[in-house]
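Coordinates in review
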Amino acid sequence: LANLPSGKTEVVEGDLLRAETLRPALFGVDTAFYMVHSMGSGAGFEEADRTAAQNFAEAARDAGIRHIIYLGGLGESSEDLSPHLRSRQEVGEILRSAGVPVTELRASIVLGSGSLSFEMIRSLTEHLPFMVTPKWVSVEAQPIAIDDLLAYLMESMDLPLQRSLVVEIGGSDRVSYRALMKEYARQRKLN
């Protein structure tokens, strides 16, 4: 972040797991984006997600933030949700609990560089010419292109919110992870 191209950007450090670092980082902020997920940290990610969301929500309220925009996970609230999606929805509830209006954009797989799901698809497809697939490759998703996601995030900044809002932004196509891997391989001419 040291070499940001714009002189208009201020970098402020904060640690979501250390509440005392957040209030100074959020001071003077009008709209905050919350795009944090601890799943990559391994076992116990749900508790880390809870702590981070609670710390952020309280600091946002105390700092007078007007609007939180949260990128969550698409899926109906039910007992059938994976731990990942259950945690995503719980984070949304925690953020809303502090009283700051939250726009929760619920997305499925984001197709683009940097998306954890997309990077997993890319890595598996690029490095494994064949594989015995686990059951999850049959799970259907509603992928969204990263450019479309960014447009939703930017448009959300201008919403005149008095209360929180959940918006499901899954793409119109329903496709399995297996089909996504096959399409990725076709696009990259790997098959």
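Residues numbered from 1 in each chain as written. Predicted model: local features only at pLDDT ≥ 70, side-chain atom pairs only at ≥ 80, totals over all residues. Heavy atoms only, no water.

Here we take up the overall build of the chain. The number of helices and strands found in the chain is six helices and eight strands. If you list the helices and strands of the chain from N to C, you get α-β-α-β-α-β-β-α-β-β-α-β-β-α. The C-alpha atoms of the chain give 18 Å as radius of gyration, which agrees with the globular expectation for 191 residues (16 Å, within 12%). For the chain, the proportion of its 191 residues judged to be buried stands at 37%. Partitioning the contacts of the chain with sequence separation of at least 6, the portion at a separation of at least 24 is 76%. Carbon and sulfur atoms form 54% of the exposed surface of the chain, whose accessible area is close to 11,700 Å². Each charge class in the chain can be summarised by its mean position, and for the 19 positive and 26 negative side chains these summaries are 5 Å apart. (Helix = DSSP H or I, 4+ residues; strand = E, 2+ residues; numbered from the N terminus. Rg over C-alpha atoms; globule rule 2.2 N^0.38 Å. Buried < 20%, exposed > 50% of the residue type's maximum accessible area, 1.4 Å probe, protein only. Contact = heavy atoms within 4.5 Å. Areas by Shrake-Rupley, 256 points an atom, 1.4 Å probe, with all protein chains shown as cover. Lys, Arg positive; Asp, Glu negative; His and termini not counted. Charge placed at Lys NZ, Arg CZ, Asp CG, Glu CD.)

Once that is clear, we can look at helix 6 (residues 177-187). The complete set of buried residues in helix 6 reads Tyr177, Leu180, Met181, Tyr184 and Ala185. Seen from one end, helix 6 has its buried residues packed into an arc of 135°, which puts them on one side. Away from its buried face by more than 90 degrees, helix 6 exposes Lys182 and Gln187. Looking at the buried positions of helix 6, the neighbouring elements they touch are strand 4 (110-111), helix 4 (116-127) and strand 8 (175-176). Taken from the residues just after helix 6, Lys189 is the one with a positive phi, measuring 60°. (Arc of directions from axis to C-beta.)

Together, Phe33, Met35, Met154 and Met157 give the surface a local cluster of nonpolar side chains, amounting to about 370 Å² of exposed area. Looking at the secondary structure, you find Phe33 in strand 1 (residues 31-34). (Patch = residues over 30% accessible without salt bridge, like charges linked within 9 Å, V, L, I, M, F, W, Y side chains within 5 Å. Salt bridge = Lys/Arg side-chain N within 4 Å of Asp/Glu carboxyl O.)

Turning our eyes to something else, we now look at the environment of Leu111. Take Leu111: it is sitting in strand 4. Looking at Leu111, the relative accessible area reads 32%, which means it is partly exposed. Distance from Leu111 to Thr125, taken between C-alpha atoms, is 14 Å for residues 14 residues apart in sequence. Residues contacting Leu111, with those up to four places away along its chain left out, are Phe118, Pro143, Ile144, Ala145, Ile146 and Leu180.

This part is about the packing of aromatic side chains. In total, this model carries three aromatic pairs according to the counting rule given. Cluster of aromatic residues (ring-pair linked, three or more members): Tyr34, Phe56 and Tyr70. (Phe/Tyr/Trp six-rings, centres within 6.5 Å; stacked < 30°, edge-to-face > 60°.)

The next subject is the packing of helix 4 against helix 6. It is at 9 Å that the axes of helix 4 and helix 6 come closest, and there the two elements cross at 60°. One finds that helix 4 runs oblique with respect to helix 6. Relative to helix 6, helix 4 is oriented so that their crossing is right-handed. Where helix 4 approaches helix 6, its residues Ser117, Phe118, Met120, Ile121, Arg122, Leu124, Thr125 and Glu126 are matched on the opposing element by Tyr177, Leu180, Met181, Tyr184 and Ala185. (Axes fitted to C-alpha atoms, helices over the stretch in contact; angles between N-to-C directions. Parallel < 35°, antiparallel > 145°, perpendicular 65-115°, else oblique. Left-handed = near helix turned anticlockwise from the far one by under 90°.)

All right, on to helix 5 (residues 146-156) then. Buried within helix 5 we find Leu149, Leu153 and Ser156. For helix 5, the angular spread of the buried residues around the axis is 65°, confining them to a single face. What points out from helix 5, more than 90 degrees from its buried face, is the exposed set Asp147, Met154 and Glu155. Looking at the buried positions of helix 5, the neighbouring elements they touch are strand 1, strand 2 (67-73), strand 3 (102-107), strand 4 and strand 6 (144-145).

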